[in-house]
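Here is what each chain is made of, one letter per residue.
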Amino acid sequence: MGTEKPKADLLPGTLDMLVLKMLMRGHLHGYAIAQLIQQLSDDLLRVEEGSLYPALQRLELKGWTEGEWGLSANNRRARFYKLTPDGRKHLAEESAHYRQVTGAVARIMGFA
Amino acid sequence: MRASSCWKCFRRRLRYWLDHSERHRLLWEEMEFHIESMTQELAAQGISVPDARAAAHRKFGNMTQKSEDARSTWIARWMGDLAQDLRLAFRGMRRDAGSTMFVILIAGLGIGASSTIFSVVNALLLRPLPFRDAERLVWIVNEEWSIQVDNYRDLQALNQSFTDLAGFAGVHVGGSALTGTGEPERLTNSPVTCNFFTLLGVQPMIGRSFTAEECQQKFSNPPAVLLSYGFWQRRFASDRAVVGRTLTLNNKPVMVVGVLPASFDFASVFEPGSPVDVFIPWPLTAETNRYGNTLKAIGRLWPDATAENAQAEFTVLADQMARQHPERNPVKPSLTPLSQHVSGRARPALMVLVCAVGVVMLIVCANLSNLQLARLGVRQKEMAMRAALGAGRLRLLRQMLTESVVLSCCGAALGLILAVVGTRAIAHLDAFNIPLLASVRLDGEALGFTLVAAVLTGILFGLLPALQVRSFAVGEALKDGSRGSSGRRRNTWVRNALVVSEIAFACALLVGAGLLIRSFVRVLDLNLGFEPERAATMRVDPSSRFSGSVQRNSYMDEVLQRTRSLPGMRAAGLTDVLPFAGDRSYQVSGKGQIYPKGQHPPEPFVRVVSEGYFEALGIRLQAGRGFTERDRESSEPVVIVNETLARTLWPGQEAVGQIITQDGGRRVVGVVADVRHEALEKVGGAEMYLPMRQTGDYGSMNLVVRTALPPDRLASSVREALKTIDPNLPVGEFRTLQDLVDKAVSPRRFLALLLAGFAGFALLLASLGIYAVISYSVNQRTQEIGIRMALGASATNLQSRILLSTLGLTALGLALGMAASRALTGALESLLFDVTPGDPITFIGIGALLIAVAAVAGYIPARRASRIDPMVALRSN
């Protein structure tokens, strides 16, 4: 299981957007974010830990998320992330942009 | 808004960076939580907890790498690596303090020498002269001497190339006597044309420059002076109120009109080694025209003019002037850009120094490379371990380079200290007549140079060892039996090559230094035409209160008489021009000699001397008689010529008894030996000596004495004797003739000494290199040597084998070095004197020296090898 490949590669730059989107649901720790993306995509998208933590660091550095320490469901110390107003704005811009691009791709490919 | 968010981002990044160890810990904890969560999930599926944990770890992968990846979002990867490499480097340096010190010392010496030489080159060749638009200034002389005032005025008026010309009439050491307030003192003055400072773009710091009216007065009675900054500081304690005050110069009142800025160092540019105290106006009048060739000129080119075109124009103008004014001295204008004139003489020597210091740096690098390679042998396992733990080849290479750059930067810190000391020492070499030397200092450019040199040195000497790292196969090195691996053999080959190159470089340096030292010795051995030992001189100008020649002559008589009566005095005489100073010349011909058109009679240098001068200076009389006290105004006008002038005017004839045209006819009463008056290396040229009592045509008077004791012991008694004649007489310093000679050879000695120092350092490094390589190979072959000895090889046999291999390396290095030297020494030719660039004695001597040093460096490890106990050697390992 450890060596199996993710079933679908994420388009570059979409991981940040997905993480932000997950955080719209409230405070989440890294593991929960990864799990949630996997579940919501019906196991199609699997987030590699190797890219998740750099992404979390990056988002925090840009000021789109804020991390704080809290207790997880099983009472362990975990780092929870939440969206900042800047992050919300950025997510809105990104998703609009993404919708345009994928719509355009879909039209060309004749999916729509 | 964009900028502010950037700023916030930067601040956050900085906070992360400053707090990076805490951040790192938290990140680690976060990732551990992630793994723990995965474990729990797997355990919930019914896998045992340890298995689940192992699986989670496997899935997560290398935590260290992941954390580094994550960290690299806020701290660039290379910065983190660099910090780690630096830590490793410093740890390694502490562990191996002995060789670290050695590396730092050698790198420091090399970098210090480079920075010092760079500072000199920067001051003398690279920095522009300290004048406004200095690149448009042109140096204008008459062949290589001065121009007559009327010629100068015509050139100034007629030329189209220059916005203006300005000039100065030499530097007169001790030319003005300052009396009145404080100790009487002889000042060095320089008469300059009215526009001199304007043309150079130099503004007086206080007060003003000369006015046109001040430049119209009689030269002997200047109405105004400008003070140099140094003199103003020394004599007037930087008192600004001195401007407007009246001083007594040569018993005449003179007004101080201004003080020049500290940045204007006339002496260091135009007359190195003779700091000027005051500037006086040089009027362009009929009076100064009568003084003959006096002016050295500087022109400021129009923006679109060039020095070459100006040269062509001046040659044409000079021809016209010669036709229109046959009564004037001939003029052959020679124009060179001022910067070239100022630093041109020093350029070849500086280029040699630059090359020498470059070669020294190469030897330093080769030596340090060798040392690092030797240490690499010891550290092979450390490197292999790092490689096994996942350090890539590039990463190891970078670590090695970081180490060597850190070492050379530490060396550079030491080098900077040396360079500060070195540049200070050079800037204070007052006795040197090299222009701009006083402005040598360690500035920002030199600091930048040092930094670049340090990094380059580190990369250069670290690169070979770093590249060698990859030749250590990981598995092989980790195994203990590490003898004779291919990596080692290659290593030995590289180290031998390094030693050979060190020997070759050292050889080239030694040959260069040897040639220069031999030239220097040749110059010292020259027959100067006078004997500087036990001779000394002092300025004793007659006071300008003496109006007539009778008064002046009786003053001279008294000076000579009192001096000669001092105990320990062998001879005393007077002259207006000392050796290596002054270039006044007159055109003369033999009576009745007619020169065809286009040919000029000879122009001998003129010296006005008293009786006793030839004896005091040690100039040999070749024919006839010397001057006596009886050669007075009332007696027949006489002259003494030197051998060159005698030969030129009356080839194949007896010169004594002939008449020359000077002053309406003077009879030649004697012929004296030629004196090297201009420079040691230059044959003197034509000279004539006029008896002092028959002419008033001199601006200064120097007492020359020859003593039985060292001259400085007589200084005070001479001074006392002169004080009794005139208590107001400012007595200058007592200078020995040997000082004058030393000053004249100082640049040559300086170059020879510096190069000898570099060569000695190179020789030391090369011998250390040989020693290191031979003793390394002996250590490597301890077992082999043990076996040989057990099989009956004698100690002598072993020693000679090792010595032979040493000499083999040396011979190869020597052959390369000699070939390179032979090819390169041609460039030294202009600096050599009486020695050919291929001088066999130098080449053979250097070869013998290198072989001897190499033999010693190889003998020490060879002796150690021959003392190896075979039993111990075989048991070890």
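Residues numbered from 1 in each chain as written. Chains lettered and ligands numbered in written order. Predicted model: local features only at pLDDT ≥ 70, side-chain atom pairs only at ≥ 80, totals over all residues.

1. With respect to the overall build of chain B
- For chain B, the count of helices and strands is 27 helices and 22 strands.
- By the compact-globule yardstick of 29 Å for 877 residues, chain B is too spread out, its C-alpha radius of gyration being 38 Å.
- By its C-alpha atoms, chain B is 135 × 85 × 55 Å across when sized along the principal axes.
- Expressed as a percentage of its 877 residues, the buried residues of chain B come to 43%. (Helix = DSSP H or I, 4+ residues; strand = E, 2+ residues; numbered from the N terminus. Rg over C-alpha atoms; globule rule 2.2 N^0.38 Å. Buried ≥ 20, exposed ≤ 12 C-beta atoms within 10 Å, placed from the backbone.)

2. Structural notes on the overall build of chain A
- A count of helices and strands for chain A gives 4 helices and 3 strands.
- Ordered by position from N to C terminus, the α and β elements of chain A give α-β-α-α-β-β-α.
- Out of the 112 residues belonging to chain A, those deemed buried represent 30%.
- A fraction of 50% describes how many contacts in chain A between residues 6 or more apart in sequence connect residues 24 or more apart. (Contact = placed C-beta atoms within 7 Å.)

3. Some details on the interface of chain B and chain A
- In this complex, chain B contributes 22 residues to the contact, which on the side of chain A involves 17 residues.
- Secondary-structure elements contributing two or more residues to the side of chain B that touches chain A are helix 1 (2–18), helix 2 (20–44), helix 3 (49–60) and helix 4 (63–71) of chain B.
- The element best represented in the side of chain B that touches chain A is helix 2 of chain B, accounting for 7 residues.
- Of the residues in the side of chain B that touches chain A, the class split is 9 nonpolar, 4 polar and 9 charged. (Nonpolar A, V, L, I, M, F, W, Y, C, P; charged D, E, K, R; others polar.)

4. Quick notes on the sheet that holds strand 3 (residues 77–83) of chain A
All names here are of chain A.
- Strand order in the open sheet made by the 3 strands is 1-3-2, with antiparallel pairing throughout. With partners counted over all chains shown, the strands left at the sheet margins are strand 1 (28–29) and strand 2 (65–71), one partner each.
- Pairing of strand 1 with strand 3, which is carried by 2 bridges, proceeds in the antiparallel orientation. Bridge pairing in strand 3 links His 29 to Phe 80. (Pairing = 2+ DSSP bridges.)

5. Section: the environment of Ile619(B)
Residue and element names in this part refer to chain B.
- Mapped onto the fold, Ile 619 is located in the loop between helix 20 (613–617) and strand 16 (621–624).
- Remark: the alpha-carbon pair of Ile 619 and Gly 167, spanning 452 residues in sequence, is separated by 35 Å.
- What Ile 619 contacts, discounting residues up to four positions off in sequence, is Gly 529, Phe 530, Phe 614, Val 672, Ala 673 and Val 675.

6. Describing the nonpolar core
All names here are of chain B.
- Val 225, Leu 509 and Ala 762 are the most contacted members of the largest nonpolar core, which totals 162 residues.
- The element contributing the most residues to this core is helix 18 (residues 486–524), with 18 residues.
- Here this core spans two domains, since at least three of its residues come from each of domain 2 (134–343) and domain 3 (471–527 + 744–877).
- Residue contacts for Val 225: discarding those within four places in its chain leaves Leu 247, Leu 249, Val 254, Val 256, Val 278, Phe 279 and Ile 280.
- By size, the runner-up hydrophobic cluster in this structure holds 53 residues, among which are Ala 616, Val 668, Met 692 and Leu 737. (Core = buried A, V, L, I, M, F, W, Y, C linked by C-beta atoms within 7 Å. Domains from an automatic or database assignment.)

7. Thoughts on unusual backbone geometry
Residue and element names in this part refer to chain B.
- The phi dihedral of Ala 237 is positive, around 50 degrees, even though this residue is not glycine.
- Looking at the element boundaries, Ala 237 is found in the loop between helix 9 (229–236) and strand 8 (246–249).
- A count of 8 C-beta atoms within 10 Å places Ala 237 in the exposed class.
- For Asn 250, which is not a glycine, the phi torsion comes out positive at approximately 50 degrees.
- Considering the arrangement of structural elements, one finds Asn 250 in the loop between strand 8 and strand 9 (252–259).
- Judged by the 19 C-beta atoms lying within 10 Å of it, Asn 250 is partly exposed.

8. A closer look at the confidence of the model for chain A
Residue and element names in this part refer to chain A.
- Averaged over every residue, the pLDDT of chain A is 82; the share at 70 or more is 88%.
- The lowest-confidence element of chain A is helix 3 (residues 49–61), averaging 83 in pLDDT; the highest-confidence one is helix 4 (residues 85–109), averaging 90.
- Here residues 1–8 is modelled with pLDDT under 50, and outside its nearest four sequence neighbours on either side it reaches 12 contacts, counting other chains as well. (pLDDT = per-residue confidence, 0-100.)

9. As for the domain arrangement of chain B
All names here are of chain B.
- If you check the domain split of chain B, you get domain 1 (2–91), domain 2 (134–343), domain 3 (471–527 + 744–877) and domain 4 (541–730).
- For domain 3 and domain 4, the distance between their C-alpha centres works out to 57 Å.
- Tallying the contact residues gives 5 residues for domain 3 and 5 residues for domain 4.
- Grouping the amino acids of the side of domain 3 that touches domain 4 by side-chain chemistry returns 5 nonpolar, no polar and no charged.

10. Describing helix 9 of chain B
All names here are of chain B.
- Within helix 9, burial applies to Phe 231, Trp 232 and Arg 235. Considered in projection along helix 9, the buried side chains sweep an arc of 100 degrees and stay on one side of the axis.
- Summarising the contacts, the buried residues of helix 9 are in contact with strand 7 (224–227), strand 9 and strand 10 (278–281). (Arc of directions from axis to C-beta.)

11. A closer look at the packing of helix 2 of chain B against helix 4 of chain B
Residue and element names in this part refer to chain B.
- Where helix 2 contacts helix 4, the two axes come as close as 10 Å, and the packing angle between them is 125 degrees. In terms of their interaxial angle, helix 2 and helix 4 are classed as oblique. The crossing of helix 2 and helix 4 is right-handed. Contact residues: helix 2 offers His 24, Leu 27, Trp 28 and Met 31, while helix 4 offers Met 63, Lys 66, Ser 67, Ala 70 and Arg 71.
- Class assignment of the residues belonging to the contact of helix 2 with helix 4 gives a composition of 5 nonpolar, 2 polar and 2 charged. (Axes fitted to C-alpha atoms, helices over the stretch in contact; angles between N-to-C directions. Parallel < 35°, antiparallel > 145°, perpendicular 65-115°, else oblique. Left-handed = near helix turned anticlockwise from the far one by under 90°.)

12. Quick look at helix 2 (residues 30–40) of chain A
- All buried positions along helix 2 of chain A are accounted for by Gly30(A), Tyr31(A), Ala32(A), Ile33(A), Ala34(A) and Ile37(A).
- Contacts from the buried residues of helix 2 of chain A go to helix 1 (14–23), strand 1, helix 3 and strand 3 of chain A together with helix 2 of chain B.
- Asp42(A), located one to two residues past helix 2 of chain A, shows a positive phi value of around 50 degrees.

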